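For reference, the chains in residue letters:
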Amino acid sequence: MKFRFAIISDPHLAVPYTINLDHTRFSLVEIGISAIDTVFSHLEQLELDFLLIPGDLTQNGEPDNHSWLQQRLAALPFPVYVVPGNHDIPTLYSTKDSIGPQDFPSYYRSHGYSDSHQCYYTHEILPGVQLIGLNSNQFNEDGEQLGCLDEKQLTWLEQLLPQLKDQFIMMIVHHNVIEHLPGQANHPLGKRYMLDNASLLLDLLKNTGCRLIFTGHLHVQDIAYHNDIYEITTGSLVSYPHPYRIIEIERTSKGSINVNIESHRVDRVPGWKNLATMSRQLLGDRSFPFMVKLLITSPFEISMKEAEKLVPHLKYFWADISEGDNILDFPEFPTEIRHYFQKFGSVKPDGTLALIDNCVCLKL
Ligand SMILES: [Fe+2]
Ligand SMILES: [Fe+2]
């Protein structure tokens, strides 16, 4: 078994006349088409077996954006498999502005949904390699969107997994299943990026052939590990640092499996000569209110006045988190707050930098 594939995530695609320019948003939707064209022209030169896109395919579920994207994907020389993100099916029923969950499979018949009328599916995509695509978008009785798996899907998965015991299983789902930030599952700002019922899914996956989960939604480059499972989350193509990944998986002669991950970045698109610098600056500016909120909410709940003193130091905190592989240290901060922020870094137990988020070889 040896194969190679790519991942892009959260392209939030918007054709020009649909672009909603919101200057508070972290995503630069206005560069989406150029960024996709840049990545695809690189990927087309590689002999890839497939491409995965774990959701937030479109700006906000606009029918024209889904149509544009599915046509663009169909023109690629390798298969593409997608799942919906919260922005792809933002309402329980379709409206004039966006599609609903019932419409999603029909847009992506060539991209995983060939025989599924649900927003989830499974296929043997290569001999012995099984892809499971899940839908992590549900709605409560008030029509509010939730990040969780519904019972019908969990039952389907519970019945499916024993049938796949000889397969190498890879899963794609939009919301995070394993924490990528310290305390993410319980933090008011972090938990909306996680599956509400992540622990149920992890229980189902125990002792199965599923060792790799690919997610998006958080817009951060990070690889997390829990109970024999690696979750590889890929940052958004339209927010700093505009990353994508190329992964090669090979079973060695001894039967172990090597997962070689390399990460690349889109660093220029027309009109954005130095995309990395401009985009990092923009994320620094736009993350200001978010950083204030982080300081004034639990666990610190410091006053607004104190937060305003610390927050200039945190200007590039979110940009550094989004890059992955960074040490985060603010020596001028009070000890307790300094220690809290240090935990967001990629460090070994001895405090030195661990390059674990972008380019790494995992051994399964
Ligand atoms: Fe997103
Ligand atoms: Fe999302």
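Procedures and definitions
- Residues numbered from 1 in each chain as written.
- Chains lettered and ligands numbered in written order.
- Predicted model: local features only at pLDDT ≥ 70, side-chain atom pairs only at ≥ 80, totals over all residues.
- Heavy atoms only, no water.
- Pairing = 2+ DSSP bridges.
- Helix = DSSP H or I, 4+ residues; strand = E, 2+ residues; numbered from the N terminus.
- Donors = N, O, S within 2.8 Å, 3.2 Å for Na, K, Ca; no water.
- Tetrahedral: all angles 85-135°; square planar, octahedral: opposite > 155°, others 65-115°.
- Buried < 20%, exposed > 50% of the residue type's maximum accessible area, 1.4 Å probe, protein only.
- Axes fitted to C-alpha atoms, helices over the stretch in contact; angles between N-to-C directions.
- Parallel < 35°, antiparallel > 145°, perpendicular 65-115°, else oblique.
- Left-handed = near helix turned anticlockwise from the far one by under 90°.
- Contact = heavy atoms within 4.5 Å.
- Nonpolar A, V, L, I, M, F, W, Y, C, P; charged D, E, K, R; others polar.

Draft legend 1. The arrangement of the pairing of strand 10 (residues 222-226) in detail. In the sheet, strand 10 pairs with strand 11 (residues 229-233) via five bridges, with the strands oriented antiparallel. Note on strand 11: the bridge partner recorded for Tyr 225 is Tyr 230.

Draft legend 2. Structural view of the coordination of the iron ion (ligand 1). Every protein donor of the iron ion (ligand 1) is listed here as Asp 10 (OD), His 12 (NE2), Asp 56 (OD) and His 219 (NE2), and their distances to the metal cover 2.1 to 2.3 Å. For the iron ion (ligand 1), the four donor atoms in the first shell make angles of 88 to 171 degrees at the metal, so the coordination geometry reads as irregular. Counting along the primary sequence, the residues that act as donors to the iron ion (ligand 1) give the motif D-x1-H-x43-D-x162-H. A separation of 3.4 Å is found between the iron ion (ligand 1) and the iron ion (ligand 2), which are bridged by Asp 56. When its relative accessible area of 4% is taken as the criterion, His 12 is described as buried.

Draft legend 3. Fine view of the packing of helix 4 (residues 151-160) against helix 5 (residues 198-205). Relative to each other, helix 4 and helix 5 sit at 15 degrees, their axes nearing to 10 Å. Between helix 4 and helix 5, the angle falls in the class roughly parallel. Here the hand of the crossing between helix 4 and helix 5 comes out right-handed. Two secondary-structure elements touch here, helix 4 through Leu 154, Leu 157 and Glu 158 and helix 5 through Leu 200, Leu 201 and Leu 204. Across the contact of helix 4 with helix 5, the residue classes tally to five nonpolar, no polar and one charged.

These values are about where atoms sit, not about what they do.
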